[in-house]
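For reference, the chains in residue letters:
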Amino acid sequence: MKIYPIREHPEYIPAMLESLENHWPACMPWIEKHMAQVLQTKGPLPDAYIAVEGDKVVGGYTLAIKEILWSKKKGLWIATLYVDPAFRGQHLSPILIDHARRRGGELGFGKIYLATEHTNYYEKYGFYTIGPDACAWGEPTQMFENTTLPGYGKTA
């Protein structure tokens, strides 16, 4: 599996959006807006990464800057992390999480956040709950925090 910045491989966007539409239809307005922002911005944030096995999109994640809970302080978020259902159970999530944490470290962030209703999952990757949150499409979730990791030697 290879992980590419979406800006370098925009040809994968339709396949990624189709997979997400089939599994997260309520999220699509936010995801489509985020993809447009990624492509219109020179970077480094917002950003999106796509995981490809052969020529098949198998997953991906997005990074964004967002307020942390009820404060005015902002932080780096894994805004969407997904693995196509046909590829679940192959330990792709930890690879994507590690990539996101390393990318956060490359960008100079010490912490990384995510919001999800999946409890007892991200904790095994070092995330811990810091409070309730509501995702962009309004559903109640929990907010998690973790540290970033040293980068792969790239610069932002």
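This structure is a prediction, so every number in the text was calculated from the model and none was measured.

## Quick word on the overall build of the protein chain
Inference 1: For the protein chain, the count of helices and strands is 3 helices and 7 strands.
Inference 2: Starting at the N terminus and walking to the C terminus, you meet the elements of the protein chain as β-α-α-β-β-β-α-β-β-β.
Inference 3: Expected size for 156 residues packed as a compact globule is a radius of gyration near 15 Å; at 15 Å, the protein chain falls within 12% of this value.
Inference 4: If you line up the protein chain on its principal axes, its C-alpha atoms span 40 × 35 × 30 Å.
Inference 5: Contacts spanning at least 24 positions in sequence make up 61% of the contacts within the protein chain whose residues lie at least 6 apart.

## Focus on the pattern of salt bridges
Inference 1: Going through the model one piece at a time under the given rule, you end up with 4 salt bridges.
Inference 2: Among the ionic pairs, Arg7 bridges to Asp47, the shortest N-O distance being 3.0 Å. With Arg7 in the loop between β1 (2-5) and α1 (13-23) and Asp47 in strand β2 (residues 47-53), this pair connects stretches of sequence that are 40 residues apart.
Inference 3: For Asp47, a relative accessible area of 3% translates into the label buried.
Inference 4: For Glu145, the salt bridge is made with Lys111, and the minimal N-O distance between the two is 3.4 Å.

## Section: the pairing of strand β3 (residues 56-67)
Inference 1: Here 7 bridges tie β2 to β3, and the two strands are oriented antiparallel to one another. Of the residues in β3, the one forming a bridge with Tyr49 is Tyr61.
Inference 2: A loop of 2 residues connects β2 with β3, the two strands running antiparallel in sequence, and Gly54 in this loop sits at a positive phi of about 65°.
Inference 3: The pairing of β3 with strand β4 (residues 74-83) spans 9 bridges and is classified as antiparallel. Looking at the pairing, Lys66 lines up with Gly75 of β4.

## Re the side chain of Glu145
Inference 1: Its place among the elements puts Glu145 in strand β7 (residues 140-147).
Inference 2: In this structure the side chain of Glu145 is engaged in a polar contact, spanning 3.1 Å, whose partner is the side chain of Tyr113.
Inference 3: Setting aside its immediate chain neighbours within four residues, Glu145 contacts Lys111, Ile112, Tyr113, Gly126, Phe127, Tyr128 and Ile130.

## Some points on the confidence of the model for the protein chain
Residues shown with low pLDDT carry predicted positions that ought not to be read at fine detail.
Inference 1: Across the protein chain, pLDDT averages 87, with 91% of residues at or above 70.
Inference 2: Within the protein chain, the element-level pLDDT minimum falls on strand β6 (residues 128-134), averaging 80, and the maximum on helix α3 (residues 92-106), averaging 96.

## Some remarks on the nonpolar core
Inference 1: Grouped together as the largest cluster of nonpolar side chains are 22 residues, with contacts concentrated most on Tyr61, Leu63, Ile78, Leu81, Leu96, Ile112 and Phe127.
Inference 2: Residue assignment for this core shows that the elements contributing at least two residues are β2, β3, β4, α3 and β5 (111-116).
Inference 3: Those residues in contact with Leu81, other than ones at most four positions away along the chain, are Trp24, Gly60, Tyr61, Ser93, Leu96, Ile97 and Tyr122.
Inference 4: In this structure, Leu17, Leu20, Cys27 and Met28 belong to the second largest nonpolar core, which totals 16 residues.

## Some points on the packing of aromatic side chains
Inference 1: Applying the stated criterion across every chain yields a total of 6 aromatic pairs.
Inference 2: Geometrically, the ring pair formed by Trp77 and Tyr113 is tilted, given 6.1 Å between the ring centres and 35° between the ring planes. In this pair, Trp77 sits in strand β4 while Tyr113 sits in strand β5, placing the two residues 36 residues apart along the sequence. Both residues of the pair, Trp77 and Tyr113, count as buried.
Inference 3: Look at Tyr121 and Tyr125: their rings are 5.5 Å apart centre to centre, the planes differ by 70°, and that puts the pair in the edge-to-face class.
Inference 4: Three or more aromatic residues joined by ring pairs make a cluster, and in this case those are Tyr121, Tyr122, Tyr125 and Phe127.

Here is what the cut-offs are and how they apply
- Residues numbered from 1 in each chain as written.
- Predicted model: local features only at pLDDT ≥ 70, side-chain atom pairs only at ≥ 80, totals over all residues.
- Heavy atoms only, no water.
- Helix = DSSP H or I, 4+ residues; strand = E, 2+ residues; numbered from the N terminus.
- Rg over C-alpha atoms; globule rule 2.2 N^0.38 Å.
- Contact = heavy atoms within 4.5 Å.
- Salt bridge = Lys/Arg side-chain N within 4 Å of Asp/Glu carboxyl O.
- Buried < 20%, exposed > 50% of the residue type's maximum accessible area, 1.4 Å probe, protein only.
- Pairing = 2+ DSSP bridges.
- Polar contact = N/O pair within 3.5 Å; in protein donor to acceptor, adjacent residues only side chain to side chain.
- pLDDT = per-residue confidence, 0-100.
- Core = buried A, V, L, I, M, F, W, Y, C linked by side-chain atoms within 4.5 Å.
- Phe/Tyr/Trp six-rings, centres within 6.5 Å; stacked < 30°, edge-to-face > 60°.

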